[in-house]
Amino acid sequence: MNQDWEDRVAALWGLFDDYAEEEEDEARFRAEVDALVAELPEGSPLGPFEQACAWDSTGHSDKAVPLYREALELGLADVSPYKARRTKIQLASSLRNIGRAEEGVALLTPELDAPSDELDDAVRACLALCLSSLGRDREALSLALGALAPHLPRYQRSMANYARLLVEPGESPGA
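Residues numbered from 1 in each chain as written. Predicted model: local features only at pLDDT ≥ 70, side-chain atom pairs only at ≥ 80, totals over all residues. Heavy atoms only, no water.

A. Representation of helix α6 (residues 81-97) in the model. Its 17 residues give α6 an end-to-end C-alpha distance of 24 Å, which sits within 8% of 24 Å, the value for a rise of 1.5 Å per residue. Packed against the buried residues of α6 are α1 (3-14), α3 (46-57), α4 (61-73), α5 (76-79), α7 (101-108) and α8 (120-133). Looking one or two residues beyond α6, the residue adopting positive phi is G99, at roughly 85°. (Helix = DSSP H or I, 4+ residues; strand = E, 2+ residues; numbered from the N terminus. Expected span 1.5 Å × (residues − 1). Contact = heavy atoms within 4.5 Å.)

Here is the structure:
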């Protein structure tokens, strides 16, 4: 779609917090998303992506899941690799919310080896939540510490080593 449409979508999302958490306000927000989606050409993966985000952000993970899947199936990765990666993160989170964390793990694990971008920490955070939901807390903590370590003012090396040792026990982390 064109930049004007993208700008209007971004502007609407910029106002999201202005909508109360009342069902009628959430429905009004989703209707405004639907109005923007109606401007898209038929079959655009951007439509189900934006609708999934709207359902998800208003507390309806169950309604978001099929829309996220549709966006990916329609080729969102060809239109926007960045939004496709966001979709995988958000879909995994929604799957976890509806009790299907194992699917979230399967979806995000390959993302650990994807080309690095600003979403790397979000991948790890969401994957950690999915793992924790499955009772795999050591792996979850390892991912969370590994994501946090580079942002610390000190102890980056030690924390990165501690993170690794949570899943590979038996060594000293060093300093």
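So much for the structure itself; the text now carries on.
B. How the structure looks around the pattern of salt bridges. Enumeration over the complete set of coordinates arrives at 15 salt bridges. Note that R30 is salt-bridged to E23, the shortest N-O span being 2.9 Å. What makes R30 buried here is its relative accessible area of 8%. For E168, the salt bridge identified is with R164, shortest N-O distance 3.5 Å. (Salt bridge = Lys/Arg side-chain N within 4 Å of Asp/Glu carboxyl O. Buried < 20%, exposed > 50% of the residue type's maximum accessible area, 1.4 Å probe, protein only.)

C. Highlighting the environment of L145. Summarising the element assignment, L145 is placed in helix α9 (residues 137-148). Along the sequence, L145 and A160 sit 15 residues apart, while their C-alpha atoms lie 6.8 Å from each other.

D. Structural detail: the side chain of Q51. Structurally, Q51 is set in helix α3. Residues in contact with Q51, not counting those within four places in the same chain, are V33, D34, V37 and L67.

E. View of the state of the cysteines. Considering all chains together, one arrives at 0 disulfides under this definition. Of all cysteine sulfurs, the one in C130 lies closest to C126, which takes part in no disulfide; the gap is 4.6 Å. (Disulfide = S-S within 2.5 Å.)

F. Spatial organisation of the nonpolar core. Counting residues in each nonpolar core, the largest one holds 23 residues, and the members touching the most others are W5, L12, F29, V33, Y68 and L76. When contributions to this core are tallied by element, the ones reaching two or more residues are α1, α2 (23-37), α3, α4 and α6. By size, the runner-up hydrophobic cluster in this structure holds 14 residues, among which are A92, A101, L131 and A140. (Core = buried A, V, L, I, M, F, W, Y, C linked by side-chain atoms within 4.5 Å.)

G. Spatial organisation of the packing of α3 against α4. Taken N-terminus to C-terminus, the directions of α3 and α4 make an angle of 160°; their axes are 8 Å apart at the nearest point. The angle between α3 and α4 places the two elements in the roughly antiparallel class. Where α3 crosses over α4, the two elements pack in a sense that is left-handed. The segment α3 lies against α4, with P48, F49, Q51, A52, C53, W55 and D56 engaging S61, K63, A64, L67, Y68, E70 and A71. (Axes fitted to C-alpha atoms, helices over the stretch in contact; angles between N-to-C directions. Parallel < 35°, antiparallel > 145°, perpendicular 65-115°, else oblique. Left-handed = near helix turned anticlockwise from the far one by under 90°.)

H. A look at the side chain of D25. Locating D25 in the fold gives a position in helix α2. Classification of D25 as buried rests on a relative accessible area of 15%. In this structure D25 touches Y19 and A20, once residues within four positions along its chain are discounted.

So yeah, pure geometry; function would need other evidence.
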